[in-house]
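# Structural overview
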Amino acid sequence: MSRLAISGGTPVRSTPYPDWPSLDEADVDAVTAILRGGQVGGFPEPGPKAAEFAAGFAAYQGAAHGIVMANGTVTMEVALKALGVGWGDEVIVPALTFAATPYAAIASGALPVFVDVEPERWTIDPDLVEAAVTPRTRAIMPVHLGQQMADMDRIMEIARRHDLFVVEDCAHAHGQRWRDQGAGCIGDFGSFSHQSTKILTAGEGGTLTTQDEALARRAHSLIDCGRPKDAAETEYTFGANYRLGELACALLVNGLHRFPAQQELRSRLGEHFETLAAGVPGVTIKRRDPRITRWSFYRYIFEIDPEAFAGATNEQVAEALEAEGVPAEVQYPPMSRYDLFQPSLSRLPVAVEYADRLDPAKMSFPVAEAAGERTAVYLNERIFRSDEAGVEHAVEAIAKVQRLAAEIPAVTAA
Ligand SMILES: Cc1ncc(COP(=O)(O)O)c(C=O)c1O
């Protein structure tokens, strides 16, 4: 009888999935051309490659403007600052995301107010957003997590009713569309990461998208030490250096050329995965919202029932899948467990002022906590850039791990 690879058996897949980032000779040429040319850095801002990428990416997503900067964390900080969010304000953030989302609120001077996510898709729960609005609330930051998008219809309706800004965290959502509007083009700003694991990458980098020319100008100014971006302006405004160098922007231009074909492949193989994985005992495939009209994702997240996996946690299942040759992980603990918000571990400068609001002992997010600590397994997008057989191996590995979960060493030891 077969054994799990994590306990000495033969892995389901021995061929590696395609690498990421997928760079080629065109990238070597593009970087060489920058080195031989005039401008290597990001000043004057935007550089030629920054401008070329920003225009192309904004058009692909459906935004009027794109502003390229150092990463997908400062993008969100700049968005909030450009919107005038600051000291004493509150920004509503989901309890299941990367630390960068609440960090950006803190960096703008505001207090991140966490709310739980919806069980159907693990994105911010609109009912809880509504309940969290206070007279100090200025913005909502939905995160389009994994293969899902937050319910943008409800978020925008709540934002309009309470006169709030919306900054979409699209670090996972390059290419996604909701009712034919691109992710990042529905709220006031969309924030994209180009960090090395992300699906449109230059190693580091970030882009803000917006439909509003004045906001775009302010964002350009904020990332360029406050320099005026309008002939009518003569004074420097508030800002710092968050520019991205031209070497990275040249890689982004090339990455964007390759992106549409990758998106189509990922989406086709994602559908194949959903059809097959839905039949695996103990696995729940979350419903893909029909309002997602172009599908793209950075991680595919599915749910396990630990009972059906011999009591194994998501972390243990991900390790067993890795051993089977299927790249899997658990990305985010719930916000109530993040070190950033543990008073004993964190150096959060606002901890004293906001201690009562950011005390994890007072936070309870049952859905995010169950997902982060027990049930959410993240599959790497590399699986979805292989082929049908690659996806079938992933499903076979999940079914094998489920069948033999009692063999996972950590489960045996428990
Ligand atoms: C949901 C989310 N938001 C924001 C970020 C921050 O992006 P960056 O690493 O480019 O700062 C990431 C990724 O790291 C992320 O996963």
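Analysis parameters
Residues numbered from 1 in each chain as written. Predicted model: local features only at pLDDT ≥ 70, side-chain atom pairs only at ≥ 80, totals over all residues. Heavy atoms only, no water. Helix = DSSP H or I, 4+ residues; strand = E, 2+ residues; numbered from the N terminus. Rg over C-alpha atoms; globule rule 2.2 N^0.38 Å. Contact = heavy atoms within 4.5 Å. Areas by Shrake-Rupley, 256 points an atom, 1.4 Å probe, with all protein chains shown as cover. Lys, Arg positive; Asp, Glu negative; His and termini not counted. Charge placed at Lys NZ, Arg CZ, Asp CG, Glu CD. Near = heavy atom within 4 Å. Polar contact = N/O pair within 3.5 Å; in protein donor to acceptor, adjacent residues only side chain to side chain. Nonpolar A, V, L, I, M, F, W, Y, C, P; charged D, E, K, R; others polar. Buried < 20%, exposed > 50% of the residue type's maximum accessible area, 1.4 Å probe, protein only. Pairing = 2+ DSSP bridges. Axes fitted to C-alpha atoms, helices over the stretch in contact; angles between N-to-C directions. Parallel < 35°, antiparallel > 145°, perpendicular 65-115°, else oblique. Left-handed = near helix turned anticlockwise from the far one by under 90°. Salt bridge = Lys/Arg side-chain N within 4 Å of Asp/Glu carboxyl O. Phe/Tyr/Trp six-rings, centres within 6.5 Å; stacked < 30°, edge-to-face > 60°.

When helices and strands are tallied, the protein chain shows 12 helices and 14 strands. Its C-alpha atoms give the protein chain a radius of gyration of 22 Å, near enough to 22 Å, the size a compact globule of 414 residues would have. Overall, the protein chain is about 75 × 55 × 40 Å in size when its C-alpha atoms are taken along their principal axes. For the protein chain, long-range pairs separated by at least 24 residues make up 71% of all intrachain contacts whose partners lie at least 6 apart in sequence. Surface accessibility of the protein chain: about 16,400 Å² in total, with carbon and sulfur atoms responsible for 53%. One way to put it: in the protein chain the 37 positive side-chain charges average out to a point 1 Å from where the 56 negative ones average out.

For the rest of this paragraph, the subject is the site of the ligand. Around the ligand, 16 residues are found, and the nearest of them are Thr-73, Asp-169, Ser-193, Lys-198 and Tyr-332. A distance of 2.5 Å separates an oxygen atom of the ligand from a polar side-chain atom of Thr-73. Taking Tyr-332, its side chain carries an N or O atom lying 2.6 Å from an oxygen atom of the ligand. Contact with the protein chains covers 92% of the free accessible surface of the ligand, which is 390 Å². Residue composition of the shell around the ligand, grouped by class: six nonpolar, eight polar and two charged.

So, about helix H4 (residues 100-107). Of all eight residues in H4, six are buried, a share of seventy percent or more. Among the residues of H4, Ala-100, Thr-101, Pro-102, Ala-104, Ala-105 and Ile-106 are the ones counted as buried. Residues of H4 that are buried sit in contact with helix H3 (74-82), strand S2 (90-94), strand S3 (111-115) and strand S5 (165-169). Taken from the residues just after H4, Gly-109 is the one with a positive phi, measuring 100 degrees.

A separate point is the sheet that holds strand S7 (residues 181-182). Spatial strand order, S7-S6-S11: three strands in an open sheet with antiparallel pairing. The open sheet has two edge strands, S7 and strand S11 (292-294), and neither has a second partner. The pairing of strand S6 (residues 177-178) with S11 spans two bridges and is classified as antiparallel. Pairing of Arg-177 across the sheet is with Arg-294, part of S11.

Where helix H9 (residues 314-323) meets helix H11 (residues 388-403), the axes come as close as 10 Å, and the angle between the chain directions of the two elements is 125 degrees. Taken together, the axes of H9 and H11 lie oblique to each other. In terms of crossing hand, the pair formed by H9 and H11 is right-handed. Touching Val-317, Ala-320 and Leu-321 of H9 are Ala-397, Ile-398 and Val-401, all from H11.

All right, on to the side chain of Asp-151 then. By the element assignment, Asp-151 lies in the loop between strand S4 (137-140) and helix H6 (152-162). On the basis of relative accessibility, which here comes to 7%, the residue Asp-151 falls in the buried class. Polar side-chain contacts of Asp-151 include one of 3.2 Å to the backbone nitrogen of Asp-153. Here Arg-154 takes part through its backbone nitrogen, which lies 3.2 Å from a polar atom of the side chain of Asp-151. Residue contacts for Asp-151: discarding those within four places in its chain leaves Glu-118, Arg-121, Thr-123, Pro-126, Trp-178 and Arg-291.

Attention shifts here to the sheet that holds strand S12 (residues 299-304). Within the open sheet, the four strands sit side by side as S10-S12-S14-S13. Their pairing is antiparallel. Strands at the two margins of the open sheet, each flanked by one partner only, are strand S10 (283-284) and strand S13 (328-329). Pairing of S13 with strand S14 (residues 376-380), which is carried by two bridges, proceeds in the antiparallel orientation. Its bridge partner lying in S14, Glu-329 is registered against Tyr-378.

This part is about the environment of Asn-254. With respect to the element layout, Asn-254 can be found in helix H8 (residues 246-277). For Asn-254, a relative accessible area of 13% gives the class buried. For the pair Asn-254 and Val-317, spaced 63 residues apart in sequence, the C-alpha separation works out to 36 Å. Setting aside residues up to four positions removed in sequence, Asn-254 forms contacts with Ala-26, Asp-27 and Ala-30.

Here we take up the pattern of salt bridges. Opposite charge on two side chains permits pairing when their charged atoms draw close. Scanning the model with the defined rule gives 31 salt bridges in all. Between Glu-118 and Arg-121 there is a salt bridge whose closest N-O contact spans 2.9 Å. On the basis of relative accessibility, which here comes to 10%, the residue Arg-121 falls in the buried class. For Arg-299, the salt bridge is made with Glu-329, and the minimal N-O distance between the two is 2.8 Å. Residue Arg-299 is found in strand S12, and its partner Glu-329 is found in strand S13; the two are separated by 30 residues along the sequence.

Another point: the packing of aromatic side chains. Enumeration over the complete set of coordinates arrives at 14 aromatic pairs. Judged by centre distance (5.9 Å) and plane angle (40 degrees), the ring pair of Phe-98 and Tyr-332 falls under tilted. Within this pair, whereas Phe-98 is found in the loop between S2 and H4, its partner Tyr-332 is found in the loop between S13 and helix H10 (366-375), the two being separated by 234 residues in sequence. Residue Phe-98 is classed as partly exposed on the basis of its relative accessible area, which comes to 45%.

The next point concerns unusual backbone geometry. Residue Pro-44 follows Phe-43 across a cis peptide bond; omega there is -5 degrees. Its location among the elements puts Pro-44 in the loop between helix H1 (25-36) and helix H2 (48-61). Each neighbour pair has its own omega, and for Glu-45 with Pro-46 the value is -5 degrees, a cis peptide bond. Considering the arrangement of structural elements, one finds Pro-46 in the loop between H1 and H2. Of note in this structure, Trp-122 is not a glycine but carries a positive phi near 65 degrees. Residue placement: Trp-122 occurs in the loop between S3 and helix H5 (126-132). The exposure class assigned to Trp-122 is buried, which follows from its relative accessible area of 5%. In this structure, Cys-225 takes a positive phi of about 60 degrees despite not being glycine. Mapped onto the elements, Cys-225 comes out in the loop between helix H7 (213-223) and H8.

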